[in-house]
Every structure is written in C-alpha cells, then in structure tokens.
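Chains, contacts and geometry: an overview
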Amino acid sequence: MEASKKSKKFQGIKISQRPLTEKIEPLLYLSPALLLLGIFLFWPFFQTIIRSLHITDNLGRNALFVGLENYIELFKSSSFHNSLIVTILFVFIVVIVGVLLGFFTALLCQRTFPGIRLFSAAYALPIAIATSGIALVFQVMLNQSIGIVNQILGTDINWLADPTYALLSIGILTGWLNSGLNFLYFSAGLSSIDESLYESASIDGANWWNKIRHITIPSLKPITFFVVVTNIINAFQGFAQIRILTGGGPGESTNVIVYDIYRNAFMNYRYGYASAESIVLFVIVVILTIIIFKVNKGGRINV
C-alpha cells in the first residue's frame, strides 16, 4: 500500500515537473482550429447577442440600446407563435420521413443481389443534390397543371399554394434530402450486426417482422439516436427550399423560424429583432438536444 502511494506521489510530481513547452504544445496544434472557430462561430454569435439588445439602422448597425424589449416583443408576437407551431410540425414531418426512408432503403440493400450498387447509389443520391436545384425540380413536379404528382395521383391540387398541403410537401422534400445520409448511417449499422443472430432466429421460427423488431431495431438504437438528433437539428435549419418554393406562404403556413429570421432581417431590416429570434431558436435547439440526450441516457427510450 505504501509503495503504491509513493508511486502515485512520484507520478504526480513527474507530471507537474514537465517542461512548459510540453504543456503548451497541444494548444499550439489546436490553435488554428480554435482561431477559425473564434472568427467564424464564437465572435458572430457574441455579436448576435449584442445586436439582439439593440434597435439597428437599415445597415445593421446598433443604433439604440433597448435591453430585452426585442425579446418581449418577440414573445408577444402572434407571427412568432405561428412560426413556432409551423417549425415543430415541419421538424416532425422531416424527421419521420427522413429516418423511415433511410432505414427502409438500408434494409432493402442489406442483401446482395444483382444491381445492388445501382440501388445503393440511387438511395444515397440526395447527398449529392443541391437543395436549391432539387427545389426547382419539385416546383415543376408539384405544379397543379403540368406536375407529374397530380398526374400520377389523379388529383388537381395546388400543392405549394394550398395551406393544407404546402408544409407537408416541403417537409417530405426535406425528409427525402436527409434520407441519403441516413441511408449510409443505417447501412453501416446493419453491416455490423452479426448474421448468426438472424440465423438463430430463423431456426427458432422467427419471421421477418420478428427479426426486425427483436434484432435489427435494438441493434441500431445508438445509430438511430444519432440520426434522429442530427435530423432534428438539420430540420430546424431548413431554409432554401422554403425560400424557393413558397416564400413562407401561402399566408404563413410555411413560415418556419429560420425563414422568419430572414424575413425580419433582410426584408424588414429589423436586425436586432431578427437577432433576438436567432438566439431564441438557438436556445430551443440546445434545450431540445439536451432533453433528447437525457432521455436516451436514462434508458427511457425502449423499442
């Protein structure tokens, strides 16, 4: 016991007596990354907090300090309340569509068959497609007169101009765009599952659904958790497709928080108010992420 205590003391003395250059060296390796993060992330975020406490001129310069008035006005705004509801619905649609598409396409490519590489490339294709480009394609596909969606379904719906369908249409598009990366994550997870588990289940008489329920889904819980969190964060940042397809309309049916920030800042020139809205969005995403991590850590997500 005494020898071990002496060795621990000796180790502590040895560590504390390292040259100063050895202590600084790791920070020197990290300094380029820290510098870039400071310039392009932390400093703008700090400036956003300061600007949210001011009324600004049309050039975005702080003109008058108003404290928390921007936040008070924001929380009293019916438009912001609507944006919160629309954003929650949008995130829900995007996560459901993106995760399910990624999961089931990965399941389809789990087995080896002729043309598997072609199907895998097709399912992963949304990763390589620019959001703005595919939004223009969907604008034609969802057109009431010439759109292929109405021709296939035999309907006569103006998908992007009807408040009932506009948010759903954009949510499905965004979920499909996210499904490519989800497909890769789930494919990697499926490839790591031991095949002997499926063989044992087959011997015991398990059908396809029982294998999925009791082997595949539990084995993919860590990856599913990661995919859900990243999809939620990405959904909160959806902007380009909404800007191109609906412009937040019809009415305010697709006016998510990110688009509302853009509209207040670059259309209404209320940069202080938009900055306050940005901070609120940041807090919402952080709180939601913490809750998801706490729930997952507590083991209350059961499959």
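A few points on the structure. (Residues numbered from 1 in each chain as written. Predicted model: local features only at pLDDT ≥ 70, side-chain atom pairs only at ≥ 80, totals over all residues. Heavy atoms only, no water.)

**Points about the environment of A240**
Selection rule: Note on conventions: DSSP H or I runs of at least 4 residues are helices, E runs of at least 2 residues are strands, and numbering of each starts at the N terminus. The rule is simple: take the accessible area with a 1.4 Å probe, protein chains only, and divide by the maximum for that residue type; under 20% is buried, over 50% is exposed, in between is partly exposed.
Take A240: it is sitting in helix α12 (residues 240-245). On the accessibility criterion, A240 (28% relative accessible area) is partly exposed. For the pair formed by A240 and A130, sequence separation is 110 residues and the distance between their alpha carbons is 9.8 Å.

**Comments concerning the packing of aromatic side chains**
Quick reminder of the rule: The criterion for an aromatic pair is that two Phe, Tyr or Trp rings (for Trp, the six-membered ring) have centres within 6.5 Å, with stacked assigned to planes under 30 degrees apart, edge-to-face to planes over 60 apart and tilted to the rest. Charge-over-ring contacts are defined here by two conditions on Lys NZ or Arg CZ: a distance within 6 Å of the ring centre and an angle within 35 degrees of the ring normal.
Taken as a whole and judged by the stated rule, the model has 16 aromatic pairs. Both rings, one in W159 and one in Y165, keep their centres 5.2 Å apart while their planes meet at 70°; by these two values the pair is edge-to-face. Just above the ring of Y273 sits the side chain of R270; from NZ or CZ to the centre is 4.3 Å.

**Points about the pattern of salt bridges**
Note the cut-off: Any carboxyl oxygen of Asp or Glu within 4 Å of a side-chain nitrogen of Lys or Arg constitutes a salt bridge here.
All told, the structure shown has 4 salt bridges when counted by the stated rule. D57 is paired through a salt bridge with R61; the nearest N and O atoms lie 2.9 Å apart. For R61, a relative accessible area of 52% corresponds to the exposed category.

**Brief notes about a nonpolar patch on the surface**
Just so we agree on the cut-off: Each patch is built from salt-bridge-free residues with over 30% relative accessible area, joining like charges within 9 Å and nonpolar side chains (Val, Leu, Ile, Met, Phe, Trp, Tyr) within 5 Å. In this description, accessible areas are obtained by the Shrake-Rupley approach with a 1.4 Å probe, and a residue is regarded as covered only by the protein chains that are shown.
On the surface, L20, I24, L27, L28, L30, L34, L37, L41 and F42 cluster together to form a nonpolar patch covering roughly 880 Å² of accessible area. Here L28 is to be found in helix α2 (residues 20-51). Residue L28 is classed as exposed on the basis of its relative accessible area of 56%.

**As for the environment of W208**
One can find W208 in helix α10 (residues 208-219). The exposure class of W208 is exposed, given its relative accessible area of 56%. When the C-alpha positions of W208 and Y198 are compared, they lie 9.5 Å apart, and in sequence the two are 10 residues distant.

**Structural notes on unusual backbone geometry**
Backbone torsion omega between G249 and P250 reads -5°, so that peptide bond is classified as cis. Position of P250 among the secondary structure elements: in the loop between α12 and α13 (257-266). Phi angles above zero are rare outside glycine, and Y269 is one such case at about 60°. Structurally, Y269 is set in the loop between α13 and α14 (271-297).

**Quick look at the side chain of T254**
Definition in use: A 3.5 Å cut-off defines polar contacts: any pair of N or O atoms within that distance qualifies, except that in protein one atom must be a possible hydrogen donor and the other a possible acceptor, and neighbouring residues in sequence count only when both atoms are side-chain atoms. Contacts: residue pairs with any heavy atoms within 4.5 Å of one another.
Within the fold, T254 resides in the loop between α12 and α13. Looking at T254, its side chain comes within polar contact range of the main-chain oxygen of G248, at 3.2 Å. Beyond its immediate chain neighbours, meaning those up to four positions away, T254 contacts V86, A166, L167, I170, I242, T246, G248 and G249.

**Section: the nonpolar core**
Quick reminder of the rule: Each nonpolar core is a collection of buried residues, namely Ala, Val, Leu, Ile, Met, Phe, Trp, Tyr and Cys, held together in the definition by side-chain atoms within 4.5 Å.
Ranked by size, the top nonpolar core spans 59 residues in total, and within it F90, F186 and L281 carry the most contacts. Ranked by residue count, the leading element in this core is helix α4 (residues 78-108), at 10 residues. Not counting the four nearest positions on each side in its chain, F90 is found in contact with L167, I170, G171, T174, A235, G238, Q241, I242 and V256.

**A look at the pairing of strand β2 (residues 62-65)**
Applied cut-off: Being paired, for any two strands, means DSSP has found at least two bridges between them.
Both strand β1 (residues 54-56) and β2 contribute to a ladder of 3 bridges, which runs antiparallel. Bridge pairing in β2 places I55 opposite L64. Here β1 folds back onto β2, and the loop between the two strands holds 5 residues, one of which, G60, carries a positive phi near 85°.

By themselves, these are just geometric observations and shouldn't be taken as functional.
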